[in-house]
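Report on the structure
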Amino acid sequence: MALNQINFEFGQEFPSSWDFGRDVLDGFEQFMDTTPNLDPAVSYGAQRFPTLTTGRQNSDDASDSHAEHSSKGRATDRKQQNNRAAQKRFRQRQKERAQNIETQLSETTKQLHELRIRQRQLEARNALLEKVAKLNQQPAHHEVHEPLSPAGVSGELWDSIQADADRALNGVTKQTERGPVVTLTIDEQDQIMTVEEVGKISSAEFQRLYSLYARKLGACLLEMTDSEACSISEDLQRWIIELTSLMVCVSLGNPKGLKAFHSSSMDGSSASVRQLPESFYEDLLVTVDLTEAQIQDLLYLRRLFCGKIGQLSRSRKELMSKLPSDSIGICHASDKLEEVTNLAEQLRANGSEEYRTYMQFASSFYRGVLTAKQHAMGIVHSYPWIPEKHRLLELLAAKSGEPTAEALTQSAGLDNLQHAANWQQIDEYLKTVTVHNMNQHVPLIKDPVPPISDQSFVSSFTEQPLDGFA
């Protein structure tokens, strides 16, 4: 009997044989668990509350899954740690390898640099051997010559340049009753001569003496070792001093003649050139092997020299413009005589100042900046020619990106007093160059002082007159 068919009526009596449980459960067989030997309570609970057993199973599964996930996480962490350690070891090996390569490269570069220096030394020595061999092939002059005689230069000229001789030959000349004298080793004999006498020698005698000194310098350079024995260095310095004195005296007594020597061969041949090629000075720069400090000193000397020469040139043009024209009448010539005389004296002083500037420049170049060995190397390498220092400086300036000489001779906003004050540095510099330090580089730029351009500094200069400048 189905449950929905039960109909209770109030007051109706229930049948006494009615099986209430069977009647109630009739129709529910399909929902009941009829498994044999199974506790009905358990079967019913399982059907009624299926989530109880499933929840326990899910909990166990979740625990197993969490454990498995934790195990995988730990494995991943260990793998990442191993990867980081491997990467660190790899970077360390790369760093060590790079350091080893850099060390090897540095050592190789150093060896290459040393080999190049050695190659240059060998090439310079070979060139020196060739030069000395060429010098030795010339006939020796063993015959005794008479003392060098003056060439007829007026004494008035020597009076005007005596101060220049004293400055240019500082520490080389000796004062005697005849005036300042120099010692020259001629034909293995010491010959004491006055500055005036040396300055008046003939061109042929000058060429002969120059060749003798070049041969002596070449022999000294060949005998010099890396240690540079003192005796050889003293001989080298002595020959350099005597040859420098010879050239200074000749330049004082016969400036036009010395200028002509720069385009003539000193070996006595008739060959002559108007201008040596640039390759000649390129090789000369390599042979002399200037240091960076010497390069900077030479470039600074060049700037001061060009500025001073430019100032003197402008002053000379200004004086020339004041000279009276040819149209002046004869009757007015006497009126202009005093003016012309004053202008002539000023022009003469201008020329003397320019000549003194050239002498100071040459002395600073050869006796101050260059060492005795470098000077000797230049003389022997250039033989039979005498190199022009201006050409050498211009080549050095072009390599260093310096302004041209024409640009440096412009006023650049400086007046004559400023240029004079700038050149005063060279005058003071030459006082520090003596016979005792000629064999080494005497720095020109000790505490770099730029050329004067500040008006306040110029005004302070004008308050105290400069010694040696009128």
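Residues numbered from 1 in each chain as written. Predicted model: local features only at pLDDT ≥ 70, side-chain atom pairs only at ≥ 80, totals over all residues. Heavy atoms only, no water.

**Digging into the overall build of the protein**
- Helix and strand counts for the protein stand at 16 helices and three strands.
- Across the protein, every contact between residues at least 6 apart in sequence was considered, and the portion connecting residues at least 24 apart equals 81%.
- Element-wise, carbon and sulfur atoms account for 53% of the exposed surface of the protein, whose accessible area totals about 29,600 Å². (Helix = DSSP H or I, 4+ residues; strand = E, 2+ residues; numbered from the N terminus. Contact = heavy atoms within 4.5 Å. Areas by Shrake-Rupley, 256 points an atom, 1.4 Å probe, with all protein chains shown as cover.)

**Section: the sheet that holds strand S1 (residues 174-176)**
- With antiparallel pairing, three strands are arranged side by side in an open sheet as S1-S2-S3. Two strands close off the open sheet at either side, each with one partner strand: S1 and strand S3 (189-194). Averaged over neighbouring strand pairs, the angle between their axes works out to 45° when direction is ignored.
- The sheet contact formed by strand S2 (residues 179-186) and S3 spans six bridges and is antiparallel. Along S3, the bridge assignment pairs Leu 184 with Gln 191. (Pairing = 2+ DSSP bridges. Axes fitted to C-alpha atoms, helices over the stretch in contact; angles between N-to-C directions.)

**Description of the packing of helix H9 (residues 278-288) against helix H12 (residues 372-382)**
- Their axes nearest at 9 Å, the elements H9 and H12 cross at an angle of 145°. In the crossing of H9 with H12, the sense of the turn from one axis to the other is right-handed. Counted together, Phe 280, Asp 283, Leu 284, Thr 287 and Val 288 of H9 and Gln 374, Met 377, Gly 378, His 381 and Ser 382 of H12 form the full contact between these two elements.
- Looking at the contact of H9 with H12 residue by residue, the class counts come to four nonpolar, five polar and one charged. (Left-handed = near helix turned anticlockwise from the far one by under 90°. Nonpolar A, V, L, I, M, F, W, Y, C, P; charged D, E, K, R; others polar.)

**Describing the nonpolar core**
- Counting 42 residues, the largest nonpolar core has Leu 184, Phe 206, Tyr 210, Leu 217, Leu 221, Leu 243 and Leu 246 as the members making the most contacts within it.
- Among the secondary structure elements, those contributing two or more residues to this core are helix H3 (50-136), S2, helix H5 (195-199), helix H6 (203-223), helix H7 (230-253), helix H11 (333-369) and H12.
- The residues contacting Tyr 210, other than those within four sequence positions of it, are Leu 243, Met 247, Met 266, Ile 379, Tyr 383, Trp 385 and Ile 386.
- Formed by 34 residues, the second largest nonpolar core is a distinct cluster that contains Phe 280, Phe 361, Leu 392 and Val 433. (Core = buried A, V, L, I, M, F, W, Y, C linked by side-chain atoms within 4.5 Å. Buried < 20%, exposed > 50% of the residue type's maximum accessible area, 1.4 Å probe, protein only.)

**As for the pattern of salt bridges**
- A complete count under the given rule lists eleven salt bridges for this structure.
- Between Asp 190 and Arg 238 there is a salt bridge; the shortest N-O distance is 2.9 Å. Of this pair, Asp 190 sits in strand S3 while Arg 238 sits in helix H7, placing them 48 residues apart in sequence.
- A relative accessible area of 52% means that Asp 190 is categorised as exposed.
- Given a relative accessible area of 33%, Arg 238 falls into the partly exposed group. (Salt bridge = Lys/Arg side-chain N within 4 Å of Asp/Glu carboxyl O.)

**Here's the deal with the packing of helix H10 (residues 292-321) against helix H13 (residues 389-400)**
- At a closest axis distance of 10 Å, the pairing of H10 and H13 adopts a crossing angle of 110°. Put simply, H10 runs roughly perpendicular to H13. At the point where H10 passes H13, the crossing takes the left-handed sense. Contacts between H10 and H13 involve Ile 295, Leu 298, Leu 299, Arg 302 and Phe 305 from the former and His 390, Leu 393, Glu 394, Leu 396, Ala 397 and Ser 400 from the latter. (Parallel < 35°, antiparallel > 145°, perpendicular 65-115°, else oblique.)

**Structural notes on the environment of Val 181**
- On the secondary structure map, Val 181 appears in strand S2.
- Taking the relative accessible area as the measure of exposure, Val 181 reaches 5% and is therefore buried.
- Through-space distance from the C-alpha of Val 181 to that of Gln 191 is 10.0 Å; in sequence the pair is ten residues apart.

**Some details on a nonpolar patch on the surface**
- Together, Met 320, Leu 323 and Val 340 give the surface a local cluster of nonpolar side chains, amounting to about 220 Å² of exposed area.
- If you trace the backbone, Leu 323 turns up in the loop between H10 and H11. (Patch = residues over 30% accessible without salt bridge, like charges linked within 9 Å, V, L, I, M, F, W, Y side chains within 5 Å.)

**Observations concerning the confidence of the model for the protein**
- Confidence along the protein averages 74 in pLDDT terms, with 67% of residues attaining 70 or more.
- Across residues 449-470, confidence stays below pLDDT 50; counting only partners more than four residues off in sequence or on other chains, it has 27 contacts. (pLDDT = per-residue confidence, 0-100.)

**Overview of the packing of aromatic side chains**
- As enumerated under the stated definition, the model contains eight aromatic pairs in all.
- On the numbers, 6.1 Å between centres and 40° between planes, the contact of Phe 206 with Tyr 210 is tilted. Of this pair, Phe 206 and Tyr 210 both sit in helix H6, four residues apart, which is roughly one turn of the helix.
- On the numbers, 4.9 Å between centres and 75° between planes, the contact of Phe 365 with Tyr 366 is edge-to-face.
- A relative accessible area of 2% means that Phe 365 is categorised as buried.
- Lys 216 extends its terminal NZ or CZ atom over the ring of Tyr 213, reaching a point 5.0 Å from the ring centre.
- Sitting over the face of the ring of Trp 239, Lys 216 holds its NZ or CZ atom 4.4 Å from the ring centroid. (Phe/Tyr/Trp six-rings, centres within 6.5 Å; stacked < 30°, edge-to-face > 60°. Lys NZ or Arg CZ within 6 Å of the ring centre and 35° of its normal.)

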